[in-house]
Amino acid sequence: MKISVIGTGYVGLVTGTCFAEMGNDVICVDIDEDKINRLKKGEIPIYEPGLEDLVVENHERGNLSFTTDIKEALDRSDICFIAVGTPMGEDGSADLQYVLAVAKAIGENMSHHMYVIDKSTVPVGTADKVRATIQKALDERGSDLTFDVISNPEFLKEGAAVEDFMKPDRVVIGTDNDEAKAVMQDLYAPFTRSHERFIHMDIRSAEMTKYAANAMLATKISFMNEIANICERVGANVNMVRHGIGSDSRIGYSFIYPGCGYGGSCFPKDVQALARTAKEYGYTPKILDAVEEVNYAQKHVIPQKVFSRFGEDLTDKTFAVWGLAFKPETDDMREASSITIINDLTAKGAKIKAYDPKAIHEAKTFYLKDNPNVEYVNSKYDALDDADAMILVTEWKEFRSPDFDEMKKRLKNPVIFDGRNQYNIKNMENRGFEYFQIGVPS
C-alpha cells in the first residue's frame, strides 16, 4: 500500500517505519527541513530500541523516504496518517492547531480520494473537525474530491514501541463505513495474523478508547502511590501490600508499583485533556482530578524525605541522581519526576551530580538547562563521588545490581533514597546503608 505519514516525531516515525518494514511504500513528511535531512542520512532524532536499524534498512531498500513537501507525499499515497503533536494547552485541553493545520494542507493539496487517519492522540470529536477542515479547503478549491476520516489511536510504550507496533495487543479502528474498515483491515493484516486483534468501532468510541486506556493506567499508578503514602504513616510496608493485592487475578501486578510519580508524553497530558473534555460537557471528573493531584504531590515525596534526613538548608550538600528519563529505555524527559526532584533540592541550595544512560543531552539542552547547580557525569559511579546521598529516580537495568561496596566507598555517607523501591530493605541494611523507600516507614 502507498502511505504518507505527516509528522516524524515519536509516533509518526515508528508508524511509518514499521509499515515500511512490511513492504509498504511509505513517505514521511515534516516541516523541519533539518530533521528530514538528518533522517535521510540515517540520523534518528529520538532514542527507541531497534528503530534506528529499521529506518536505515528500509530507507536503503526504498520502502521509506522523507520529504518536506506534503503535496509530493499526498500525490504518492492513498492513505495518509496524521501524526503530529497535540501539546497540552494552558487550560489542560489538547491543542489541535497542528492536527488541523495538517488537515487544511491535505484539503489544499490532495489530488485523488484519500483515507485520512488520525494517529495523534486527540479528544473525542476531533475527526469531525478534521473532516470539516478538509472539506472547507476542498470547497475553496472548487473540488469535488472525496475522502474518509478514520480514527486509529496508537498504544505504543516508549522503550518498546517497535515491538508494540509489530506485535500489537489490539488495533483499534474507528470508521463510519465498511469500505474504510476493509482498507484498514488489509493495512494491518500483517500485524494481526496470529490472533484476531483488530477491533472496529465508531469513530468517537475509538477516540475515547485511547484516553480511557491511559487514564486507567495513570489511575492505577496514583492509587498505588496513595496506598504507599498511607502505608508509610500507619506502619505498613507497601511492597508487601503490593504482593498481597497483585496476586488477586482481578487486580494483577501491572502498574501497581509505588514510585515518585508518572511522567512522559502521554499520561499527564491525556489525563488532563480527558478531564477538560468532561468538564466541557458539563461533567466533573472527580477521579481524574484526584489522579492528577496525587501524581503532582508524589513527585515531591523524595525531596521531602531528603529534607527530613538532611534538613531544609542543603547548602554545601551534594546529591547523586541516578536516572533522568521518565522511564527506562527512552531519552524522553517530558514531565519526568527527576525534574521536580532536582529543582526542589537545588532550590534549597543543593548541588546535583546526575547520570542517565540516554537522557543527559535532553536534560542539558531543554529540561534542566537553566539550572546551574546540576553537573552531568559519564557513569553511575562517578555521580557518587563526594555525594552526601544517592537518589534513584529511573529504574534502568544497569541500576538493578550495582556494586554496593563501590557505592559505599564513593559516597560521603551510605545513604540512598530509592524512588522506585528497587532493592531489598534488609539486604541494604545488612550492607550498612541508610535506605529510604516509597511507602515504607523509615
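A brief report on the enclosed structure follows. A quick note: this is a predicted structure, and the numbers were derived from the prediction, not measured.

Some thoughts on the overall build of the protein
Within the protein one finds 17 helices and 14 strands. Relative to the compact-globule value of 22 Å for 442 residues, the protein shows a C-alpha radius of gyration of 24 Å, a close match. A total of 442 residues make up the protein; the buried ones form 55% of that total. Taking the contacts inside the protein whose residues are at least 6 apart along the sequence as the reference set, 73% of them involve residues at least 24 apart. With an accessible surface of roughly 19,700 Å², the protein has 48% of that area assigned to carbon and sulfur atoms.

Considering the packing of helix α13 (residues 301-310) against helix α14 (residues 337-346)
Helix-helix packing is described using two parameters, namely the angle between the two axes and the distance between the axes. Where α13 meets α14, the closest approach of the two axes is 8 Å, and the angle between their N-to-C directions is 30°. Between α13 and α14, the interaxial angle falls into the category roughly parallel. As for how α13 packs across α14, the hand of that crossing is right-handed. Counting all contacts with α13, which are made through I302, P303, V306 and F307, the residues of α14 involved are I341, D344 and L345. Split into classes, the residues belonging to the contact of α13 with α14 amount to six nonpolar, no polar and one charged.

Some remarks on the packing of aromatic side chains
Scanning the entire structure with this criterion turns up 19 aromatic pairs. Grouping aromatic residues by their ring pairs yields a cluster made of F19, F81, F165, Y188 and F191. Sitting above the plane of the F155 ring, R170 keeps its charged end 3.8 Å from the centroid. The side chain of R309 reaches across the aromatic face of F310, ending 4.6 Å from its centre.

What about helix α9 (residues 203-234)?
Side chains that are three or four residues apart share a direction in an α-helix, a result of its 3.6 residues per turn. Look at α9: 47 Å from first C-alpha to last across 32 residues, which is about the 46 Å you get at 1.5 Å a residue. Measuring from the side-chain oxygen of the N-cap residue of α9 to the backbone nitrogen of R204 gives 3.3 Å; that N-cap residue is D202. G235 sits one or two residues past α9 and shows a positive phi near 90°.

Observations concerning the layout of surface pockets
Of the pockets and cavities examined, the second largest pocket occupies roughly 1,500 Å³. Considering the residues around the second largest pocket, the lining is formed by 50 residues, among which G9, Y10, V84, G85 and R334 are closest to the centre. Those elements giving two or more residues to the lining of the second largest pocket turn out to be α1 (10-21), α2 (33-40), α5 (97-109), α11 (267-280) and α15 (360-367). The class makeup of the residues in the lining of the second largest pocket is 23 nonpolar, 13 polar and 14 charged.

The rules we used
- Residues numbered from 1 in each chain as written.
- Predicted model: local features only at pLDDT ≥ 70, side-chain atom pairs only at ≥ 80, totals over all residues.
- Heavy atoms only, no water.
- Helix = DSSP H or I, 4+ residues; strand = E, 2+ residues; numbered from the N terminus.
- Rg over C-alpha atoms; globule rule 2.2 N^0.38 Å.
- Buried < 20%, exposed > 50% of the residue type's maximum accessible area, 1.4 Å probe, protein only.
- Contact = heavy atoms within 4.5 Å.
- Areas by Shrake-Rupley, 256 points an atom, 1.4 Å probe, with all protein chains shown as cover.
- Axes fitted to C-alpha atoms, helices over the stretch in contact; angles between N-to-C directions.
- Parallel < 35°, antiparallel > 145°, perpendicular 65-115°, else oblique.
- Left-handed = near helix turned anticlockwise from the far one by under 90°.
- Nonpolar A, V, L, I, M, F, W, Y, C, P; charged D, E, K, R; others polar.
- Phe/Tyr/Trp six-rings, centres within 6.5 Å; stacked < 30°, edge-to-face > 60°.
- Lys NZ or Arg CZ within 6 Å of the ring centre and 35° of its normal.
- Expected span 1.5 Å × (residues − 1).
- Polar contact = N/O pair within 3.5 Å; in protein donor to acceptor, adjacent residues only side chain to side chain.
- 1 Å grid on protein atoms, 1.4 Å probe; cavity = no way out; pocket = protein on both sides within 12 Å on 5 of 7 lines; lining within 4 Å.
- Points joined across faces, edges and corners; volume = space filled by probe spheres on them.

Keep in mind these values describe shape, not function.
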